[in-house]
Amino acid sequence: MSVVSAFLVPGSPLPRIQNSNPPWNAMARALSAAGAALVSASPDSIVVYSTQWIAVLDQLWQTKNRVAGRHVDENWHEFGALEYDILVDADLANACIEASSSINVKSRAVNYDAFPIDTGTIIANSFLNEPRKPVVVTSNNVYHDMSVTEAIGELVAKSAREQSKKVAVVGVGGLSGAFFRQEIKPEEDRIFSEADDSANREMLDLICSGNCEKAMAFVPEYNERAKPDMGFKHFGFLSGALGYKYSKAEVHHYGPLYGSGGAVIEFQL
């Protein structure tokens with residue numbers, strides 16, 4: 001099996017740039033725990049699908065061998081900048097690009113200096129990639145529905161298998177999407193509403209049960225109730241990469257990110 005570990009993680013920068021705040025520190029510790037679990041699986045590469053890398057024409061893939069710089073989040077700019085230095089598995093990314101036509105997806109390589117790496121990818125890499133493994137970074141095309149996104153995840157796993165590579169797959173995105181629009185005390189952060197919290201917990205219970213089909217069947221209702229990031233496509237990408245097969249999942253932490261829901265989930269394969 002090409003996929004040796006899999007995770008769903010939030011893309012908010014708050015656990016990184018404001019980790020002294022207790023609610024966000026708990027998320028930071030969970031992200032670090034997920035990073036330790038990823039290390040123990042010894043992947044050759046890490047595949048990151050972030051809902052925050054928005055594409056509108058093609059499926060984009062980063063192919064520049066190394067991307068580094070400083071990023072200021074568009075929502076949380078007052079908390080400072082994020083430094084990043086990411087090694088890219090261009091060979092695997094190019095293989096995915098070449099194979100995309102087999103699933104009727106048009107893909108394109110991104111390879112130029114100062115390309116704007118998104119916050120979610122930076123956060124996932126900073127917490128989960130302590131061993132500095134090469135990363136495959138692909139975009140969230142807003143016109144791809146859940147089934148196409150699943151197929152892209154499956155394509156990544158197949159391409160890795162053809163290169164005899166072990167990969168960790170990371171879906172980056174949030175749970176319930178409502179957040180506080182007025183200033184709150186960070187230490188008093190909570191899930192925006194009881195309705196959001198209830199929907200999140202129902203989704204998490206289904207994911208943790210190991211019944212991927214049942215969890216995916218709940219996604220349309222969950223989208224209506226909780227409005228998660230991009231229709232919860234980060235779970236679809238991961239499900240496709242896993243071939244809908246995992247034994248169970250563990251929630252390292254579930255909590256608020258300025259009202260929105262976030263969870264660090266590790267899948268047992």
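Look up a bit, the structure's there.
The structure contained in this document is the topic of the report that follows. The residue numbers shown here count from 1 along each chain, following its written sequence. Local features in this predicted model are restricted to residues of pLDDT 70 or higher, and side-chain atom pairs are both shown and tallied only at a pLDDT of 80 or more, whereas totals for entire chains, interfaces and linings draw on every residue. As a rule here, side-chain values come from all non-hydrogen atoms in the structure, and water together with hydrogens is ignored.

## Re the nonpolar core
Of all hydrophobic cores here, the largest spans 45 residues; its most connected members are Ile207, Phe235 and Phe267. Every helix listed is a DSSP run of H or I at least four residues long, and every strand listed is a run of E at least two residues long, numbered separately from the N terminus. Counting residues per element, this core draws most heavily on helix 7 (residues 212-226), which supplies seven residues. Throughout, a contact is declared for two residues whenever any of their heavy atoms are within 4.5 Å. If near-sequence neighbours (up to four positions away) are discounted, Phe235 is found in contact with Leu8, Ile207, Cys212, Ala215, Met216, Val219, Tyr246 and Phe267. To form a nonpolar core, buried Ala, Val, Leu, Ile, Met, Phe, Trp, Tyr and Cys residues must be joined to one another through side-chain atoms within 4.5 Å. Each residue is placed in one exposure class: buried if its accessible area under a 1.4 Å probe, protein chains only, is under 20% of its type's maximum, exposed if it is over 50%, and partly exposed if it falls in between. Residues Trp24, Leu60, Val67 and Leu82 belong to the second largest nonpolar core, which totals 41 residues.

## A closer look at the pattern of salt bridges
Opposite charge on two side chains makes pairing possible when the charged atoms of those side chains draw close. A pairing counts as a salt bridge when a side-chain nitrogen of Lys or Arg comes within 4 Å of a carboxyl oxygen of Asp or Glu. Taken as a whole and assessed by the stated rule, the structure comprises ten salt bridges. A salt bridge links Asp113 to Lys64; its shortest N-O distance comes to 2.8 Å. One end of the pair, Asp113, is in the loop between strand 6 (107-110) and helix 4 (119-128); the other, Lys64, is in the loop between strand 3 (59-62) and strand 4 (66-71), and 49 residues separate them in sequence. Between Arg132 and Asp85 there is a salt bridge whose closest N-O contact spans 3.7 Å. Of this pair, Arg132 sits in the loop between helix 4 and strand 7 (135-141) while Asp85 sits in strand 5 (residues 82-87), and the two are 47 residues apart along the sequence. Its relative accessible area of 37% is what places Arg132 among the partly exposed residues. Assessed through its relative accessible area of 25%, Asp85 is described here as partly exposed. The structure contains a network of salt bridges with shared partners spanning Arg66, Asp85 and Arg132.

Treat this as a map of the structure, not an account of what it does.
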